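The primary structure of each chain is shown beneath.
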Amino acid sequence: MNIEHSKARKTAKTIRKLLRNPSAIYRRPGDIAFTTVVIGLGISIIALAIGMAFVLLDEGSLALREFGFFGFLFGTMWDPAVHLSFGALPFFFGTIVTSFAALLISFFPALAVGIFTAEYAPPWLANIIDNLVQLIAAIPSVVIGIWGIFVLAPWMRDTVYLPVFEWAEQHHEWLLPILGNPMGYGIATATIVLALMIVPYTTALTKDAIRSVPREQREAGQALGATRWEVIRMAVLPYARGGILAGAILSLGRAIGETMAVAMLIGNKNNLPFSVFGAGATMPSVIVNEFREAVENLHLSSLMAIGFVLFLLALVVNLLAAYLTRKFSVKGGQTI
Amino acid sequence: MKTMLQRNIRDRIMESLLVLSTIIVLLPLVIIIAHVIIHGIGAISWDFFTQELGSPSRAMQGRPTGLIHTILGTLVVDSVALIIAIPIGLGAGIMLSEYPDHKLNPLLRIMNDTLNGMPAILKGLLAFVLIVKPMGTFSGLAGGVALSFVMLPIVARTTESALMSIPWSIREAGLAIGLPRWRVVLSAVMPAAKFGLVTGILIAFARAAGEAAPLLFTSFGNNYLPNHWLGMLLGPTDTLPQRLYSLAISPYTHWHDMGWAAAIVLLVFVILCFATARFLTRQKF
């Protein structure tokens, strides 16, 4: 009883002290220490992001000085063996082409899955589909890569590339250089795998955007006698287009940075021109393939400089996606 | 003017197209998982979990090989990554949610999102420059640091949203009974958000555990168990995703089979993390 009493008196004293000087609550030693630690940890993330840009630029400076930034970016020769001349254009081009093509292939199916789960499927089914789609994003890139090497690429070669190639050989010979060598490992296979891997990002943001469309919007359409599809087409999709666009840009960002599956399937050819079925390379794939074997300083520095170009490209795409999500105020689709 | 019949037919066609697209998207997932199991199950044996890989001739001569060094290496590298990423990620998340008026928060949020959007391979290059170069050798430690760069922004972001979902009244209740602010955060807010926090860490872990690109230039790979128990931390170390890549691009069929088996282990691991994370988020509601 006595202890309780003294405790209560102590608490009352503390409260009185706090009331006299409310900001004291932030000035206790414990709080000072805690805020310092927390803010220090926060700052370390900021430092890491900025540090990444500086480190890549610094490590790549040897190559960037040698060839000039634009000379390096638009240089078409990548020759680590004889001339020691390095240009990033083949890889920059490869990254852009595969990423945009993958987005083009995956966009409408991904959009359809988002519409189906948000508008048509009953909650239990929508939940299952949602989990499975997120699982696609969770499958490690190397697992998709090994499947691509031993299953997808041979199958695509036998059922798609070779028949198309033979048909072109007989009827439209001018197509052959565009199609390229149908060996199975090349731009087309890498793009198909990329398309699969980026579906979850478009789908997640599409679904969020469609779910955030107000009910009145749909009811207005229904009241006019519109069918279910007409309501979606005319009332829901236009309202959700910002979120859908943000999802597409986010997917593009993922495609640009996707490394292992592409490196395992693209066939690795370091000079232009690329062809549809033939081998190619992207910025991440050339770093993976050559970094461990790079001996010359200039070669190593050129790979770092490619990393810097990749950093800039990813930065632009991510800032664009962030701007769109903020502008259209959709929740960032948290995907695994 | 379209008739009602035409409009209804169109409605049905669009619905079937949506269903068809959903099936087309999900079919590869089923096919991939089925192929991984079919190809890999044969190579999973007692040896697979107890022997080290050794040189290619070891597999061709039929002597026992396995990936014990890879599995142990993965545990070491992933632990290092968690030890680094959890405190920093939680700290940044606490800063964003508990001190919402801090001047650095907008910058931290942008930088965190930027870091999250950066390709994992660049995080590997960063860890190479920061750790491998000064140390002069590839090491499990460097691999762990590289993976922690992958986890960090995810942990920070999920921590922020988990803590934000706790009502302010809980904080006010804590402050009203005279708790200092740090005790409010650690003893009232974080326990209330524990499912969300664990989910975030699991999501980050599942994501990082499957990454091979950053490990290629940091932990590098190793066909043997190290002689000394510190060897995994301070010397080249094998990890599952990176070993799977090396096995898949090797010219030996026996190694291809082991690659598929490694894919099963990796897939089971990632799906377990994923399912637990999903289960925990559902518990919350």
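About the thresholds
Residues numbered from 1 in each chain as written. Chains lettered and ligands numbered in written order. Predicted model: local features only at pLDDT ≥ 70, side-chain atom pairs only at ≥ 80, totals over all residues. Helix = DSSP H or I, 4+ residues; strand = E, 2+ residues; numbered from the N terminus. Rg over C-alpha atoms; globule rule 2.2 N^0.38 Å. Contact = placed C-beta atoms within 7 Å. Nonpolar A, V, L, I, M, F, W, Y, C, P; charged D, E, K, R; others polar. pLDDT = per-residue confidence, 0-100. Buried ≥ 20, exposed ≤ 12 C-beta atoms within 10 Å, placed from the backbone. Expected span 1.5 Å × (residues − 1). Bend = angle between axes of the 7 residues up to and from the residue. Axes fitted to C-alpha atoms, helices over the stretch in contact; angles between N-to-C directions. Left-handed = near helix turned anticlockwise from the far one by under 90°. Domains from an automatic or database assignment. Core = buried A, V, L, I, M, F, W, Y, C linked by C-beta atoms within 7 Å. Parallel < 35°, antiparallel > 145°, perpendicular 65-115°, else oblique.

**Comments concerning the overall build of chain B**
Across its full length, chain B holds 14 helices and 0 strands. In chain B, the succession of helices and strands from N to C terminus is α-α-α-α-α-α-α-α-α-α-α-α-α-α. Computed over C-alpha atoms, the radius of gyration of chain B comes to 24 Å, more than 25% over the 19 Å expected from 2.2 N^0.38 for 285 residues, which places it beyond the range of a compact globule. With respect to the principal axes defined by its C-alpha atoms, chain B has extents near 70 × 70 × 30 Å.

**Focus: the overall build of chain A**
Per the secondary structure count, chain A includes 13 helices and 2 strands. Here the C-alpha atoms of chain A give a radius of gyration of 27 Å, more than 25% beyond the 20 Å that 2.2 N^0.38 yields for 336 residues. A sequence separation of at least 24 residues applies to 74% of the contacts in chain A between residues at least 6 apart.

**Notes on the interface of chain A and chain B**
In this assembly, 75 residues from chain A lie in contact with 71 residues from chain B. Looking at which element gives the most residues to the side of chain A that touches chain B, the answer is helix α2 (residues 29-67) of chain A, with 18 residues. When grouped by side-chain class, the residues that make up the side of chain A that touches chain B number 55 nonpolar, 14 polar and 6 charged.

**A word on the confidence of the model for chain B**
All names here are of chain B. Summary statistics for chain B give a mean pLDDT of 87 and a share of 99% for residues scoring 70 or more. When pLDDT is averaged over each element of chain B, helix α7 (residues 140-164) comes out on top at 92 and helix α3 (residues 56-60) at the bottom at 78. Interface confidence for the predicted complex, given as ipTM, is 0.90, next to a pTM of 0.88.

**Observations regarding the environment of G253 of chain A**
Structurally, the position occupied by G253 of chain A is in helix α10 (residues 228-257). Of the residues examined, G253 of chain A has 25 C-beta atoms within 10 Å and is grouped as buried. With 29 residues separating them in the primary sequence, G253 of chain A and T282 of chain A have C-alpha atoms 14 Å apart. Dropping the residues within four chain positions of it, G253 of chain A is found in contact with A314, V317, N318 and A321 of chain A together with G117 of chain B.

**Side note on α2 of chain A**
Between its terminal C-alpha atoms α2 of chain A stretches 55 Å, which fits the 57 Å expected from 39 residues at 1.5 Å a residue. Remark: the principal bend of α2 of chain A, roughly 55°, maps to S61 of chain A.

**Remarks on the packing of helix α4 (residues 68-98) of chain B against α7 of chain B**
Residues and elements named next belong to chain B. At a minimum axis distance of 6 Å, the contact between α4 and α7 shows a crossing angle of 35°. Pair α4 / α7 crosses with right-handed handedness. Class assignment of the residues belonging to the contact of α4 with α7 gives a composition of 21 nonpolar, 9 polar and 3 charged.

**Points about the domain arrangement of chain B**
Residues and elements named next belong to chain B. Partitioning chain B into domains gives domain 1 (9-43) and domain 2 (47-284). Averaged C-alpha coordinates put domain 1 and domain 2 at centres separated by 30 Å. With 8 residues of domain 1 in contact, the opposing surface of domain 2 contributes 8 residues. Grouping the constituent residues of the side of domain 1 that touches domain 2 by class yields 5 nonpolar, 3 polar and no charged.

**Notes on the nonpolar core**
Ranked by size, the top nonpolar core spans 188 residues in total, and within it M151 and L244 of chain B carry the most contacts. With 16 residues, the single largest contributor to this core is helix α8 (residues 187-211) of chain A. Apart from residues lying up to four places away in sequence, M151 of chain B is in contact with A81, A85, G89, A204, F205 and A208 of chain B.

**Description of the confidence of the model for chain A**
Across chain A, the average pLDDT comes to 84, with 93% of residues at or above 70. A low-confidence stretch, residues 330-336 of chain A (pLDDT under 50), is modelled with 26 contacts involving residues beyond four sequence positions or located in other chains.

**A word on unusual backbone geometry**
The backbone phi angle of N268 of chain A is positive, close to 60°, even though this residue is not glycine. Note that N268 of chain A resides in the loop between α11 (260-265) and α12 (283-290). Assessed through the 18 C-beta atoms surrounding it within 10 Å, N268 of chain A is described here as partly exposed. Of note, the phi angle at F220 of chain B is positive, near 70°, even though the residue is not glycine. Relative to the elements of secondary structure, F220 of chain B occurs in the loop between α11 (213-216) and α12 (231-234).

**A short note on the environment of M4 of chain B**
Residues and elements named next belong to chain B. Among the secondary structure elements, M4 is positioned in helix α1 (residues 4-40). Taking the C-beta count within 10 Å as the criterion, M4 has 9 such neighbours and is therefore assigned exposed. Expressed as a C-alpha distance, the spacing of M4 and I94, which sit 90 residues apart in the sequence, is 57 Å.

**Here we look at the packing of α8 of chain A against α10 of chain A**
All names here are of chain A. Relative orientation of the contacting elements α8 and α10 amounts to 150°, with a least axis distance of 8 Å. Classified by the interaxial angle, the pair formed by α8 and α10 is roughly antiparallel. Here α8 runs over α10; the crossing is right-handed. Contacts between α8 and α10 involve L194, I198, Y201, T202, A204, L205, T206, D208, A209 and I210 on the former and, on the latter, V236, A240, G242, G243, I244, A246, G247, A248, L250, S251, R254 and A255. Here the contact of α8 with α10 is composed, by residue class, of 14 nonpolar, 6 polar and 2 charged.

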